[in-house]
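Structure at a glance
Listed below, chain by chain, are the residues.
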Amino acid sequence: MIKNVLLGLILIFYIIMLKSYGQSIKQLDNELTHMSNKQLQILAKSYLEGKEYGVGWSLAAIAWKESQAGKYLVNLESKDCGVYQKNIPSYITGLDKKTTSFLVNITCQEFITNRPLASSVAVSDLLYWKKKRHNNWLKIWASYNCGYKKHCGKRYANEIRKRIIVLKRYIK
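What you are looking at is a predicted structure, and each value in this text was computed from that prediction instead of being measured.

This part covers the nonpolar core. Nonpolar side chains in soluble globular proteins generally cluster together in the buried interior. Among the nonpolar cores identified, the biggest contains 40 residues, and L43, W64, Y84, L126 and L167 are the most heavily contacted of them. Among the secondary structure elements, those contributing two or more residues to this core are helix 2 (25-33), helix 3 (37-51), helix 4 (56-67), helix 5 (88-94), helix 6 (101-113), helix 7 (115-132), helix 8 (137-146) and helix 9 (154-170). Sequence-distant contacts of Y84, defined by excluding residues within four places in its chain, comprise S46, E49, L59, I62, A63, E66, R115, A118, S119, A122 and Y144.

Attention now moves to the sheet that holds strand 1 (residues 74-75). Strand order in the open sheet made by the 3 strands is 1-2-3, with antiparallel pairing throughout. Of all strands in the sheet, those bounded by a partner on one side alone are strand 1 and strand 3 (86-87). Pairing between strand 1 and strand 2 (residues 80-81): 2 bridges, direction antiparallel. Paired with V74 across the strands is C81, a residue of strand 2.

Right, let's talk about the environment of E49 for a bit. You can see E49 is positioned in helix 3. Taking the C-alpha atoms as reference, E49 lies 8.0 Å from L59; in sequence the two are 10 residues apart. Within the structure, E49 has its side chain in polar contact with the side chain of R115 (distance 3.2 Å). Here the side chain of E49 touches S119 through a polar contact of 2.5 Å, side chain to side chain.

Glancing now at the side chain of D125. Structurally, D125 is set in helix 7. D125 has contacts with K86 and Y144, leaving out every residue within four places of it along the chain.

Okay, the side chain of S46 next. Structurally, the position occupied by S46 is in helix 3. When sequence neighbours within four positions are dropped, the list of residues in contact with S46 reads G56, L59, A60, A63, Y84 and R115.

Criteria and thresholds
Residues numbered from 1 in each chain as written. Predicted model: local features only at pLDDT ≥ 70, side-chain atom pairs only at ≥ 80, totals over all residues. Heavy atoms only, no water. Core = buried A, V, L, I, M, F, W, Y, C linked by side-chain atoms within 4.5 Å. Buried < 20%, exposed > 50% of the residue type's maximum accessible area, 1.4 Å probe, protein only. Helix = DSSP H or I, 4+ residues; strand = E, 2+ residues; numbered from the N terminus. Contact = heavy atoms within 4.5 Å. Pairing = 2+ DSSP bridges. Polar contact = N/O pair within 3.5 Å; in protein donor to acceptor, adjacent residues only side chain to side chain.

Put into structure tokens, the structure is as follows:
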């Protein structure tokens with residue numbers, strides 16, 4: 001009886017651990033190879049747009065993680081928009097403007113239709129966190145997702161890391 005309970009607990013722990021690490025490299029590899037040409041072009045453009053700033057791999061991986069490389073451009077629940085899913089209220093606040101529903105809608109539309117703006121803001125965010133986190137990429141990616149919140153973003157950072165591993169197999 002106790003042995004069965006222990007085995008059950010170990011199994012539950014193992015399942016929780018697997019879920020906490022997200023998709024495997026093999027699953028991500030399969031996902032990438034089944035992307036549309038448009039999605040692959042978005043990943044390639046993201047890589048090239050970030051490369052000159054030293055964040056090419058990160059930008060491409062974030063585009064993949066956040067929007068499935070342009071497949072899903074709006075998250076109404078979190079108010080994140082564009083290929084890199086920038087949080088619009090925090091972006092507006094950073095501009096020292098009052099956040100209104102109308103301004104959120106306009107800005108979201110801009111992040112969807114103005115790819116250079118979306119890329120520029122994402123690159124700026126990554127460079128900001130790169131400086132703050134002293135080039136520690138896991139902390140940079142976690143902060144890109146969670147800002148200054150402690151104990152947040154570790155899973156996200158690991159997902160970005162795994163996507164970079166897969167991307168490096170295909171982008172030369």
